[in-house]
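Okay, here's what each chain looks like letter by letter:
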Amino acid sequence: MWYALQVRTGKEEEVACACRRIVQEDVLEECFIPKTERMKRYEGKWHKMQVPMFPGYLFLVTEKIEDVHKKLRTIPAMTKILGDGSEFIPIHKEEEEFLKSIGNEEHLVEMSLGYLENDEVVIQSGPMKGMGGKIKKINRHKRVAVVEVQMFGRLMEVQMGVEVLGEVGKNSSCMKNKKE
């Protein structure tokens, strides 16, 4: 089962490394941070970078959550494994399937590619393809989309990388390239 572990924001990598070091593989199947690819401009060029999709959280895959919890109590940056106060609750199966469907083997959500058509963004490839109604906002300048997803039992807005090429139907360079 997949469990969410809340940690101090910015300490995700540190806690994930500690989890892998402290907890044996027969108890903890996997510890990972879902990340999303984003573009950032510095030194005059665009660079791809990876950032946590859910800042302040990492995920544990285990069937022995009580054993994992006993080992993890020694990590200062760990705050808690999500639960209801009396027991640890795995994330919903739909949430797990969603994360599996948009991420690759390394739990990385790669950049999506799209274009504008009649003032709407059409995603033609990548993990956001088919998410039309979940996309709340696109910042073309920063090459990021704000997507509403169900996670941790509530609706959350997450940022995912997207490259929007141009507008179809207008006299844009995108259309000029298509005609050539």
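Now for a quick tour of the structure.

Scoring rules and cut-offs
Residues numbered from 1 in each chain as written. Predicted model: local features only at pLDDT ≥ 70, side-chain atom pairs only at ≥ 80, totals over all residues. Heavy atoms only, no water. Helix = DSSP H or I, 4+ residues; strand = E, 2+ residues; numbered from the N terminus. Buried < 20%, exposed > 50% of the residue type's maximum accessible area, 1.4 Å probe, protein only. Contact = heavy atoms within 4.5 Å. Areas by Shrake-Rupley, 256 points an atom, 1.4 Å probe, with all protein chains shown as cover. Pairing = 2+ DSSP bridges. Axes fitted to C-alpha atoms, helices over the stretch in contact; angles between N-to-C directions.

1. Observations regarding the overall build of the protein chain
- Each helix and strand counted, the protein chain has four helices and twelve strands in total.
- Across its three principal directions, the C-alpha atoms of the protein chain cover 60 × 35 × 25 Å.
- Per-residue burial for the protein chain yields a buried fraction of 45% across its 180 residues.
- In the protein chain, once contacts between residues fewer than 6 apart in sequence are set aside, the share between residues at least 24 apart is 61%.
- As displayed, the protein chain has an accessible area near 10,700 Å², and 46% of this comes from carbon and sulfur atoms.

2. Considering the sheet that holds strand β5 (residues 57-61)
- On the basis of which strands lie adjacent, the open sheet formed by four strands has the order β2-β5-β1-β6 and antiparallel pairing. Unpaired on one side and paired on the other, β2 (30-32) and β6 (78-81) mark the two borders of the sheet. Between one strand axis and the next, the sheet turns through 25° on average, direction left out of account.
- Bridge count for β2 against β5 is three bridges, and the pairing is antiparallel. Residue pairing for β5: Cys-31 is matched across the bridge by Leu-60.
- This element, helix α2 (residues 65-72), spans β1 (2-7), β5 and β6 of the sheet and lies at about 165° to β6.

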